[in-house]
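Chain and residue survey
Chain by chain, the residues run as shown.
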Amino acid sequence: MKNIIIIGGGISGLATAWLLRAKAQASGKELEITLLEKEERPGGKIRSIKADGYTCEWGPNGFLDSKPQTLDLCRALGVDGNLHRSNDNARKRFIYSGGELHQLPDGGPTFLTSRLISWPGKLRLALEPTPFIASAPVGVDETLADFGRRRLGGEALDKLIAPMVSGIFAGDPETMSLESCFPRIAELEREYGGLIRAMIMLSKKKKKDIADGKVVSSAAGPGGVLTSFREGIQYLSDALATSLDGVVQTGITVTSVQRGAGGVYQVTSSDGACLEADQVIMASPAFAAAEMLATLDNDISAVLRQIPYASMTVVCFGYRREQIKRSLDGFGYLIPKKEGRSTLGTLWDSSMFENRAAENNVLLRSMMGGACFPEYVNLSDDEVVARVRQDLQMTMGIDVAPEFVRIFRHPQAIPQYTVGHGERLQKLAYLLKSHQGLILTGNSYRGIGLNDCVAAAEQAADEALAKI
Ligand SMILES: Cc1cc2nc3c(=O)[nH]c(=O)nc-3n(C[C@H](O)[C@H](O)[C@H](O)COP(=O)(O)OP(=O)(O)OC[C@H]3O[C@@H](n4cnc5c(N)ncnc54)[C@H](O)[C@@H]3O)c2cc1C
């Protein structure tokens, strides 16, 4: 019987193991699968911590239902009945600018009346579909900042694009690659000659699809409805791990992956144990995979080390509801870097998912750090609390101390798809050709969302199975 070792028990490794086993069973292939995870608990960045009536998400707080991957996995796993979609509040997203929170406009009329973008900024944006805008430079891996300045103007870059990049990647638009971070946007520009044109054409297509009776996405917010579980998103990783009982081994740090006689892979862990496998799927972050593969192939390791990571500190504050004077009707807000605040933004978690706090309480989750403020992950707890309080006072007028505080630090939180990322992926694909049965998956390569990780897991499972 062939055996496959998966290294890393975050959503990527767990989903790969689960899908691989399901696909092997469906195709009648006999397979022994082992998943090795360094920590004592599986889940990686996924962790839902319950304390004092609050449910704090350590990392992700859900996935968008506009893509099918995670939903399909939940259905196959039999946990779709427990899914919990965020309520309508999550549609309203805000940007803090010029001393106030502005609701993100959701269309032409609200955009015109919004005070988020100045009139010169609006006029610049209005040029977007015209021939005055330069086309995408050919053969250049454009940064998100260059793309934003070129197509939408400097103000839209600062107030719309940069906050979005920090909200998703905790990233710096001056270094991130448009093609690698948002391939769909690059594609829309190529296909339709501009973003506004693309939106008009796609909206016409959607109307036609509705008229023709074709199913359309249930998207309510930008890109779908944020979806989780009543117990928190950890319910998903727990369900996968439980279903994979006997496959998942925790508390095992893999130190190296090498090849022995006959090309068999030898996976060594820090306790000195060595397991053999016909195939190895690396589902750990790129920097960890780089260490494990250093002896096997130093060129692969060198490319993996070039994928940088941004740090992030997640700060949960709980309050009694009556202590918050302003409406918490919304998803939360992001803060443009130019505002000079310490936090990247704050999510109103208990507004999106009401059971994240007890009935008369609210839970706010602020983010600090990211690629623009890497040193913040080293701040002391007192400094973190003081800075978050200062920002909440400035943005939402909250001048009381929270009754509940939790701080989670992620020194290497999110991979950064910087300029050259696409080329690095091509190099990896080329180098991996010399190592039949060695597969890389996870959030370091083609998308960081949970949906992306599950999609990559499915590809990894298919690739592994095809080689058997
Ligand atoms: C603060 C934060 C908020 C986020 N919010 C969202 C969100 O709302 N929605 C969304 O879709 N995405 C969100 N993301 C992104 C998403 O959570 C991640 O991209 C995803 O969880 C990564 O999963 P993964 O399995 O690829 O990696 P990880 O979760 O990092 O798992 C990798 C695993 O490999 C293990 N490992 C490492 N080295 C070794 C070794 N030597 N031996 C054995 N095991 C090893 C690690 O311990 C870890 O468990 C967020 C991320 C962060 C940090």
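Computed from a prediction, not measured in an experiment: that's the story for all the values here.

What the three strands build is an open sheet, ordered E11-E12-E13; its pairing is antiparallel. At either margin of the open sheet sits one strand with a lone partner, and together these are strand E11 (254-259) and strand E13 (274-277). Averaged over all adjacent pairs, the angle separating strand axes in this sheet is 20°, with direction ignored. Note: strand E12 (residues 265-269) against E13, four bridges, orientation antiparallel. Looking at the pairing, Val267 lines up with Leu275 of E13.

Of note, Val303 is situated in helix H12 (residues 298-305). Residue contacts for Val303: discarding those within four places in its chain leaves Arg424, Lys427 and Leu428.

Quick look at helix H5 (residues 144-151) now. For H5, every residue scored as buried is listed here: Leu144, Ala145, Phe147, Gly148 and Arg151. Buried positions in H5, seen along its axis, are confined to an arc of 160° and lie on one side of it. Looking at the buried side of H5, the elements it contacts are helix H6 (154-169), helix H7 (178-181) and helix H9 (195-211). Gly153 lies just past H5 and shows a positive phi near 95°.

With that settled, the discussion passes to H9. Here H9 is 17 residues long and its end C-alpha atoms lie 24 Å apart, about the 24 Å a rise of 1.5 Å per residue gives. Backbone geometry just after H9 places Gly213 at a positive phi near 80°.

So, how was this worked out
- Residues numbered from 1 in each chain as written.
- Predicted model: local features only at pLDDT ≥ 70, side-chain atom pairs only at ≥ 80, totals over all residues.
- Pairing = 2+ DSSP bridges.
- Helix = DSSP H or I, 4+ residues; strand = E, 2+ residues; numbered from the N terminus.
- Axes fitted to C-alpha atoms, helices over the stretch in contact; angles between N-to-C directions.
- Contact = placed C-beta atoms within 7 Å.
- Buried ≥ 20, exposed ≤ 12 C-beta atoms within 10 Å, placed from the backbone.
- Arc of directions from axis to C-beta.
- Expected span 1.5 Å × (residues − 1).

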